[in-house]
Amino acid sequence: MTAPLIGVLALQGDVREHLIALAAADATARPVRRPEELAGLDGLVIPGGESTTMSKLATLFGVMEPLRERVRAGLPVYGTCAGLIMLADKILDPRSGQETVGGIDMIVRRNAFGRQNESFEAAVDVAGIEGPVDGVFIRAPWVESVGADVEIVAEYGGHIVAVRQGNALATSFHPELTGDHRVHGLFVAMVRAAG
Ligand code: GLN
């Protein structure tokens, strides 16, 4: 395959950082806002940001349902932080009206690691990556529990912080903010394998 085409859901959040990280991991990356822009994508990233806002905007832009369909049909997706929340089949403590795309059989707890001023960085071992990754946790969720088909990719402090189910990958932390593109590389490899 030539460079796979990977969209970044650009309704809200740290879109630019993902576009840069994907390009560094040898993908062609472009922002996606409208349903038509999902056509032709080999993969999609849902960025970090604020999952409640992202959910509302996705519904408003008419992209929520098309996204669900593409993910259900096997489109490779990677969500970071708010993006992880968007990929959860269930949120433990949703704000009213908050919906998700789903795709990963997991229950997540929003803001589980505390408030904005309790944000932190920590070394995290990620399955499939040699040597620790610098995990940036910003009002990060954790995964409370996963279904039988979900692979736990990373844990930190006794909590699940990265998971994979089929073509869907999610991390509580933000590799796009570190300049280390290995997790994006892992996702690009998943996209290539799916394509
Ligand atoms: N706490 C945020 C939410 O609920 C996620 C924070 C982040 O993406 N850095 O969406």
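These notes cover the structure that comes with them.

Criteria and thresholds
- Residues numbered from 1 in each chain as written.
- Predicted model: local features only at pLDDT ≥ 70, side-chain atom pairs only at ≥ 80, totals over all residues.
- Heavy atoms only, no water.
- Near = heavy atom within 4 Å.
- Polar contact = N/O pair within 3.5 Å; in protein donor to acceptor, adjacent residues only side chain to side chain.
- Areas by Shrake-Rupley, 256 points an atom, 1.4 Å probe, with all protein chains shown as cover.
- 1 Å grid on protein atoms, 1.4 Å probe; cavity = no way out; pocket = protein on both sides within 12 Å on 5 of 7 lines; lining within 4 Å.
- Sits in = over half its atoms within 2 Å of the grid points.
- Nonpolar A, V, L, I, M, F, W, Y, C, P; charged D, E, K, R; others polar.
- Helix = DSSP H or I, 4+ residues; strand = E, 2+ residues; numbered from the N terminus.
- Buried < 20%, exposed > 50% of the residue type's maximum accessible area, 1.4 Å probe, protein only.

1. Comments concerning the site of the ligand
The environment of the ligand is formed by Gly48, Gly49, Glu50, Ser51, Cys81, Ala82, Ile85, Arg110, Asn111, Ile138, Arg139 and His174. Within the side chain of arginine 110, one N or O atom sits 2.8 Å away from an oxygen atom of the ligand. Side-chain polar atom of histidine 174 to a nitrogen atom of the ligand: 2.9 Å apart, as the coordinates give it. Protein chains bury 97% of the 300 Å² of accessible surface belonging to the ligand in isolation. A majority-of-atoms criterion places the ligand in the largest pocket. Residues belonging to the shell around the ligand are distributed by class as follows: 4 nonpolar, 5 polar and 3 charged.

2. Structural notes on unusual backbone geometry
Located in the positive-phi region is aspartate 26, a residue other than glycine, with phi close to 70°. Relative to the helices and strands, aspartate 26 is located in the loop between α1 (15-24) and β2 (28-32). At cysteine 81, a position not held by glycine, the phi torsion is positive, near 55°. Position of cysteine 81 relative to the elements: it lies in the loop between β4 (77-80) and α4 (82-86). Exposure remark for cysteine 81: the relative accessible area of 5% places this residue in the buried category.

Fair warning: the whole summary comes from geometry, so function is off the table for now.
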